[in-house]
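Fold and contact review
Residues per chain are reported as follows:
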Amino acid sequence: MAPRPLSESEIAEALESLPGWTFEDDRLIRGYGFAAHLPAVAFLVHVATVQEELAHHADLALTYNRLGVAVHTHSVGGKVTELDVTLARRVEALAPAHGAR
Ligand SMILES: C[C@H](O)[C@H](O)[C@H]1CNC2=NC(N)=NC(=O)C2=N1
C-alpha cells in the first residue's frame, strides 16, 4: 500500500518515543556526534545498510565527527510517512552501539 502523509498529531506522537528527533521543514531530523571521524563513518555505513534493507533513504550529512540524518518520503511530495518513522526508529536503535551522542 502506498504510504500516506502523517498528520501533525501522528508525527508528534511518534516523536514522543524518538528522543532527540525533531520535525522541521517537513522532515524528521536528528544530529549525532561521535568521538572522532571514523566512528561517524562507520555509523553512516551501518545506516546505509538499513536504508537498503528498507528501500528508504534519508539525507545523510557527514561533517568530520557528526552525522545529520533527515528523512521524508519523496513519493508523497516530501511529507513524513510511517516509512520515515520506521527508518528513524531503526537508526536510533543502532546509535548506542556506535557510541553516538
Ligand atoms: C524504488 C525505490 O524503492 C524508491 O525510489 C524509494 C527509494 N528510497 C526512498 N527514500 C525516501 N526517503 N523516499 C522515497 O520515496 C524513496 N523511494
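Residues numbered from 1 in each chain as written. Predicted model: local features only at pLDDT ≥ 70, side-chain atom pairs only at ≥ 80, totals over all residues.

This next bit is on the site of the ligand. Neighbouring the ligand are Ala 55, His 56, His 57, Val 71, Thr 73, His 74 and Ser 75. Within the shell around the ligand, the residues separate by chemical class into two nonpolar, five polar and no charged. (Near = placed C-beta within 6 Å. Nonpolar A, V, L, I, M, F, W, Y, C, P; charged D, E, K, R; others polar.)

Contact pair helix H2 (residues 37–54) / helix H3 (residues 82–94): the axes reach a minimum separation of 10 Å and the direction vectors enclose 145°. When the axes of H2 and H3 are compared, the crossing they make is right-handed. Residues Phe 43, His 46, Val 47, Val 50, Gln 51 and Leu 54 of H2 form the contact with H3, whose own contacting residues are Thr 86, Leu 87, Arg 90, Val 91 and Leu 94. Residue classes in the contact of H2 with H3 are distributed as seven nonpolar, three polar and one charged. (Axes fitted to C-alpha atoms, helices over the stretch in contact; angles between N-to-C directions. Helix = DSSP H or I, 4+ residues; strand = E, 2+ residues; numbered from the N terminus. Left-handed = near helix turned anticlockwise from the far one by under 90°. Contact = placed C-beta atoms within 7 Å.)

Moving on: unusual backbone geometry. If you check the backbone angles, Asp 25 has positive phi at about 55° while not being a glycine. Take Asp 25: it is sitting in the loop between strand S1 (22–24) and strand S2 (27–33). Look at Asp 25 and you get exposed, because 9 C-beta atoms sit within 10 Å. In this structure, Asp 26 is a non-glycine residue whose phi angle is positive, near 65°. The partly exposed category is assigned to Asp 26, around which 15 C-beta atoms lie within 10 Å. (Buried ≥ 20, exposed ≤ 12 C-beta atoms within 10 Å, placed from the backbone.)

A word on the confidence of the model for the chain. Per-residue confidence for the chain gives a mean pLDDT of 97, with 99% of residues at or over 70. With a pTM of 0.96, the predicted complex shows an ipTM of 0.93. (pLDDT = per-residue confidence, 0-100.)

In this section: the sheet that holds strand S4 (residues 66–71). If you walk across this open sheet you meet the four strands as S1-S2-S4-S3, and the pairing is antiparallel. Looking at which strands have only one partner, the edges of the open sheet turn out to be S1 and strand S3 (59–63). Strand-to-strand twist in this sheet, taken as the mean axis angle between neighbours without regard to direction, amounts to 25°. Pairing of S2 with S4 involves six bridges; the strand directions are antiparallel. What sits directly across from Ile 29, in S4, is Ala 70. (Pairing = 2+ DSSP bridges.)

Of all hydrophobic cores here, the largest spans 20 residues; its most connected members are Phe 43, Val 71 and Ala 88. Of all elements in the fold, only helix H1 (8–16), S2, H2, S4 and H3 reach the threshold of two or more residues within this core. Here this core takes four residues from H3, the largest share from any one element. In contact with Val 71, not counting residues within four places along its chain, are Arg 27, Leu 28, Ala 58, Asp 84, Leu 87 and Ala 88. (Core = buried A, V, L, I, M, F, W, Y, C linked by C-beta atoms within 7 Å.)

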